[in-house]
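Analysis of the macromolecular model
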There are 2 protein chains.
Amino acid sequence: MSQHRERPLRADAERNRQLIMRAADRLFARRGTTVPLNDIAHEAGVGVGTVYRRFPDLQALIDALFIERFTTFLRLADEAERQPDPGGALLHYLLAAAQWRARDQALDIVLAHADLDAKPASGMRDELGRHVDGLVERARAAGAVRDDFESADVYAFLYMIGAVADRTHAVAPDAWRRYAEVLLSGFGMDLPAAARTSAMTDGQVRRSWPEPPPAPPS
Amino acid sequence: MSQHRERPLRADAERNRQLIMRAADRLFARRGTTVPLNDIAHEAGVGVGTVYRRFPDLQALIDALFIERFTTFLRLADEAERQPDPGGALLHYLLAAAQWRARDQALDIVLAHADLDAKPASGMRDELGRHVDGLVERARAAGAVRDDFESADVYAFLYMIGAVADRTHAVAPDAWRRYAEVLLSGFGMDLPAAARTSAMTDGQVRRSWPEPPPAPPS
DNA sequence: CTCGAACCGGATAGATCTATCCGGTTACTG
DNA sequence: CAGTAACCGGATAGATCTATCCGGTTCGAG
């Protein structure tokens, strides 16, 4: 986040900013939220001072990551709304958002630690809420989903997909699709054949379970 | 965890041990894994020294919590196996385990940080795996589930329910049942009417979303 | 090409957390 | 009911993390 800047960042500064954010993503996903800023700086290949100059404290870094995430989800909602039929629009959003979430191992942690009451974050959150409400409302009016489907189900869906994806991505990066299919059909949505998946690569997943990957302790 | 003790713990020591474990549950659930042992001791109402005497380090405490959890899930599997029909047995386990998980906000954190390769933990894990394999195998043979249902789906189910439950329990403690129903029907399991739930208390949940509760940052 | 503003990175002070030690207290055995 | 082993809790040393400061370097405007 940080204040409005008149001048854009100098090229090297902007480059380092990106390096830091990507490094934070990796370390948050791998080691949970409690990672020394020293380690983030080292992973990014910059000095500690550079991290603190760009992000006053850890919270600012997390908030920046949050904004980045929500910008993406807003874009996905925009794209979905371009679909001609209401059912297709909701389905498009659910699948696109799920795919994004499945690849973003750090999302839960960013969400859990972001300051949602801060000015830009709360605004984006409300805006995304309106988009989702609209998608759901139109799909329901068109009879494309169970008539008790509601916006909360969209978030629940994404949290559930995320939980599965975080624990399988290393061994079967597409396993989440199986559960997306189960959930969506349970919600009464017709999946186009293209979105279907064969049974996941069974043995691999089973052997890796129950083995939650994130966050080594010490 | 601790060695075999000849003598059982003295009464006050055992009482404090329980207090510490329950305090750890609460704090892990509320603040994530990175909670000072000082705070655990304070939440439990004992001195720091008492925590360290009973649990050599944080890892030992987590491992003890892990054992406790798996003991419970093994018991649930035992109970389920007492059901007369294979489909009922699997369903019984899924619902009982889900209910337990839904109330246990610290489970994911305990699992994520437990040392699964340690002697007692890995044994329990394997044993639970055998029980689950058996439940699934018999239910499938009896045609009570989709024929591509596999053991990994049991764990995925519980992780998904947990993800939803952790984010709704404060506002709608039974909301997870809605998603359990969707998932189970998607897996081809017939729910007895008694296990069904009405639509969840809509407005409450929607207003609390997307708002992940755990783990304040600083 | 030259110059200055902006940026870089590491050394380090101050704060926080982990783990230990020991004098005082309490529960169980005979 | 008396003696003792076991337990209690807090003070504290050592380790780790956060955040700052400043001498040296780099980008980009003119």
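Residues numbered from 1 in each chain as written. Chains lettered and ligands numbered in written order. Predicted model: local features only at pLDDT ≥ 70, side-chain atom pairs only at ≥ 80, totals over all residues.

- By the naming in an unreviewed UniProt entry, chain A is TetR/AcrR family transcriptional regulator, taken from Streptomyces endophyticus.

**Notes on the overall build of chain A**
- Helix and strand content of chain A: 10 helices and 0 strands.
- Traced from its N-terminal end to its C-terminal end, chain A shows the element sequence α-α-α-α-α-α-α-α-α-α.
- Put simply, chain A has 218 residues, and 43% of those count as buried.
- For chain A, contacts bridging at least 24 residues in sequence account for 65% of all contacts bridging at least 6. (Helix = DSSP H or I, 4+ residues; strand = E, 2+ residues; numbered from the N terminus. Buried ≥ 20, exposed ≤ 12 C-beta atoms within 10 Å, placed from the backbone. Contact = placed C-beta atoms within 7 Å.)

**Quick word on the environment of A:Pro86**
- Mapped onto the elements of the fold, A:Pro86 is located in helix 5 (residues 86-103).
- Leaving out residues up to four positions away in the same chain, A:Pro86 has contacts with A:Arg138, A:Ala139, A:Ala141, A:Ala142 and A:Ala144.

**Focus: the UniProt feature "DNA-binding region" (unreviewed entry) in chain A**
- When the UniProt feature table is mapped onto this chain numbering, "DNA-binding region" (unreviewed entry) sits at residues 36-55 of chain A.
- The span residues 36-55 of chain A is 75% helix and 0% strand, and its two end C-alpha atoms sit 14 Å from each other. (UniProt positions renumbered as here; feature names shortened; annotations may be inferred.)

**Comments concerning the environment of B:Asp12**
Residues and elements named next belong to chain B.
- Mapping Asp12 onto the fold places it in helix 1 (residues 11-31).
- Overall, the presence of 9 C-beta atoms within 10 Å leaves Asp12 in the exposed class.
- Measuring from C-alpha to C-alpha, the distance between Asp12 and Asp104 comes to 26 Å, with 92 residues separating the pair along the chain.

**A few points about the protein's contact with DNA strand D**
- Neighbouring DNA strand D are 22 residues, the closest being A:Ala11, A:Tyr52, B:Val46, B:Gly47 and B:Gly49.
- If you list the elements that add at least two residues to the surface near DNA strand D, you get helix 1 (11-31), helix 2 (37-44) and helix 3 (48-54) of chain A together with helix 1 and helix 3 (48-54) of chain B.
- Across the surface near DNA strand D, the residue classes break down as 10 nonpolar, 6 polar and 6 charged. (Near = placed C-beta within 6 Å. Nonpolar A, V, L, I, M, F, W, Y, C, P; charged D, E, K, R; others polar.)

**What to know about the protein's contact with DNA strand C**
- Around DNA strand C there are 22 residues in total, and A:Val46, A:Gly47, A:Gly49, B:Ala11 and B:Tyr52 lie nearest to it.
- Among the secondary structure elements, those contributing two or more residues to the surface near DNA strand C are helix 1 and helix 3 of chain A together with helix 1, helix 2 (37-44) and helix 3 of chain B.
- Residues belonging to the surface near DNA strand C are distributed by class as follows: 10 nonpolar, 6 polar and 6 charged.

**A closer look at the UniProt feature "domain: HTH tetR-type" (unreviewed entry) in chain A**
- Per the UniProt record, "domain: HTH tetR-type" (unreviewed entry) is found at residues 14-73 of chain A.
- Within residues 14-73 of chain A, the helical portion is 82% and the strand portion 0%, while the C-alpha atoms at the span's ends are 23 Å from each other.

**A short note on the domain arrangement of chain A**
- According to the domain assignment, chain A consists of domain 1 (11-56) and domain 2 (63-192).
- Contacts between the two partners involve 8 residues from domain 1 of chain A and, on the opposite side, 7 residues from domain 2 of chain A. (Domains from an automatic or database assignment.)

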